[in-house]
Amino acid sequence: MNGCDIATAVELLKQGEVISYPTEAVFGLGCDPDNEAAVLNVLAIKQRPVEKGLILVAATYSQLLPYVDDKAIPLEKRYQIFSSWPGHISWVLPASKTAPKWITGRFDTIAVRVSAHPVVQRLCQAYGKPLVSTSANLAGEASITDYQQLLRTMGLKVAGIVEGELGGAAQASQIRDAITGQIVRS
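Presented here is an overview of the structure given in this document. Owing to the predicted nature of the structure, the values given are computational and were not obtained by experimental measurement.

### Notes on the packing of aromatic side chains
The description of an aromatic ring pair rests on the distance of the ring centres and on the angle between the ring planes.
And then number 1: Applying the stated criterion across every chain yields a total of four aromatic pairs.
And then number 2: Clustering of aromatic rings is evident, with ring pairs tying together Tyr61, Phe82 and Trp85.

Here it is, written out as structure tokens:
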């Protein structure tokens, strides 16, 4: 699979396809979070159980509002969360009642991030909503940071690979629980 531009990627997402794209640190797999078949396809590609849940990545916090119970975020936590975005921190927030279980897994929370990566920003803006964002590797294996390795490993498993460079971060986004402050993944 050769690289594609943002417009092609958006068309693939609308068709329920899985794409790969560069993020701050690693190549990611993504799809429409509201398309259960597409999300299950991402999980099958990764060999990851649905119970673990997935991260959503967006261009703005407003794109995440259908999935997050905004009113349940304590006032004293809001500054820390929103001042870290756009950025490289994913926050575990209370999930809305309508957040799909194929995204939240066994949790009543949802992991979300407003990315500063220009490709992710343009992709989410063009699509008009957040995307599922998980690293483009099999569960338990090292994340992919090399384009040629991405082609070898995921090239035939995804409908398109959005062209662009990684953002230069040394590791995948940190995940923090917004309520407890606990670092879920450093």
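The rest of the description comes next.
### Examining the environment of Val57
And then number 1: Within the fold, Val57 resides in strand β4 (residues 55-58).
And then number 2: Through-space distance from the C-alpha of Val57 to that of Ala169 is 16 Å; in sequence the pair is 112 residues apart.
And then number 3: Not counting residues within four places of it along the chain, the set of residues in contact with Val57 comprises Tyr21, Arg113, Ser115, Val120, Cys124, Pro130, Leu131 and Ser133.

### Some thoughts on the sheet that holds strand β7 (residues 131-135)
And then number 1: One open sheet holds the ten strands; their spatial order is β1-β8-β2-β3-β7-β4-β6-β5-β9-β10, and the pairing between them is mixed. Edge strands, defined here as strands with exactly one partner in the open sheet, are β1 (3-4) and β10 (183-185).
And then number 2: In the packing of helix α6 (residues 118-127) onto the sheet, the strands contacted are β2 (19-22), β4, β6 (109-114), β7 and β8 (160-162), and the crossing angle to β2 comes to about 135°.

### Details of the state of the cysteines
And then number 1: If you walk through the whole model with that rule in mind, you get zero disulfides.
And then number 2: For Cys31, which is in no disulfide, the shortest distance to another cysteine sulfur is to Cys124 and amounts to 12 Å.
And then number 3: Classification of Cys124 as buried rests on a relative accessible area of 0%.

### Describing the packing of helix α1 (residues 6-14) against α6
And then number 1: Packing of α1 against α6 brings their axes to within 10 Å, and their N-to-C directions diverge by 55°. With respect to their mutual orientation, α1 and α6 come out oblique. For the pair α1 and α6, the sense of crossing is right-handed. Counting all contacts with α1, which are made through Ile6, Ala9, Val10, Leu13 and Lys14, the residues of α6 involved are Val119, Arg122, Leu123, Ala126 and Tyr127.
And then number 2: Here the residues of the contact of α1 with α6 are counted per class, giving eight nonpolar, no polar and two charged.

### Describing the nonpolar core
And then number 1: Residues Leu64, Trp85, Leu93 and Ile110 are the most contacted members of the largest nonpolar core, which totals 36 residues.
And then number 2: For this core, the elements supplying multiple residues, two or more each, are β3 (27-30), α2 (36-46), β4, α3 (61-64), β5 (89-94), β6 and α7 (147-154).
And then number 3: Considering every element that reaches this core, the biggest residue donor is α2, with five residues.
And then number 4: Setting aside anything within four residues of it in sequence, one finds Leu64 in contact with Leu56, Ala58, Trp85, Val112, Arg113, Val114 and Pro130.

### Describing the pattern of salt bridges
And then number 1: Scanning all chains against the criterion turns up five salt bridges.
And then number 2: Two residues, Arg113 and Glu24, come together in a salt bridge whose shortest N-O distance is 3.4 Å. Residue Arg113 is found in strand β6, and its partner Glu24 is found in the loop between β2 and β3; the two are separated by 89 residues along the sequence.
And then number 3: Judged by relative accessible area, Arg113 falls into the buried class, the value being 4%.
And then number 4: Ionic pairing is found between Arg78 and Asp70, a salt bridge with its closest N-O pair at 2.9 Å.
And then number 5: Assessed through its relative accessible area of 19%, Arg78 is described here as buried.
And then number 6: Among the residues examined, Asp70 registers a relative accessible area of 24% and is labelled partly exposed.

### Comments concerning the side chain of Ser84
And then number 1: With respect to the element layout, Ser84 can be found in the loop between α4 (75-83) and β5.
And then number 2: With a relative accessible area of 16%, Ser84 lands in the buried category.
And then number 3: A polar contact is formed between the side chain of Ser84 and the backbone oxygen of Ile81, at a distance of 2.6 Å.
And then number 4: Leaving out residues up to four positions away in the same chain, Ser84 has contacts with Ile89 and Trp91.

### Here's the deal with unusual backbone geometry
If a residue is not glycine, its phi is most likely negative; likewise, a peptide bond is most likely trans.
And then number 1: In the segment running from Trp85 into Pro86, the intervening peptide bond is cis, with an omega of -10°.
And then number 2: For Pro86, the position within the fold is in the loop between α4 and β5.
And then number 3: Backbone geometry at Gln47 places phi at a positive 60°, although glycine is not the residue there.
And then number 4: Residue Gln47 is classed as exposed on the basis of its relative accessible area of 59%.

Cut-offs used in this document
- Residues numbered from 1 in each chain as written.
- Predicted model: local features only at pLDDT ≥ 70, side-chain atom pairs only at ≥ 80, totals over all residues.
- Heavy atoms only, no water.
- Phe/Tyr/Trp six-rings, centres within 6.5 Å; stacked < 30°, edge-to-face > 60°.
- Helix = DSSP H or I, 4+ residues; strand = E, 2+ residues; numbered from the N terminus.
- Contact = heavy atoms within 4.5 Å.
- Pairing = 2+ DSSP bridges.
- Axes fitted to C-alpha atoms, helices over the stretch in contact; angles between N-to-C directions.
- Disulfide = S-S within 2.5 Å.
- Buried < 20%, exposed > 50% of the residue type's maximum accessible area, 1.4 Å probe, protein only.
- Parallel < 35°, antiparallel > 145°, perpendicular 65-115°, else oblique.
- Left-handed = near helix turned anticlockwise from the far one by under 90°.
- Nonpolar A, V, L, I, M, F, W, Y, C, P; charged D, E, K, R; others polar.
- Core = buried A, V, L, I, M, F, W, Y, C linked by side-chain atoms within 4.5 Å.
- Salt bridge = Lys/Arg side-chain N within 4 Å of Asp/Glu carboxyl O.
- Polar contact = N/O pair within 3.5 Å; in protein donor to acceptor, adjacent residues only side chain to side chain.

Limitation: the analysis is restricted to geometry and does not speak to function.
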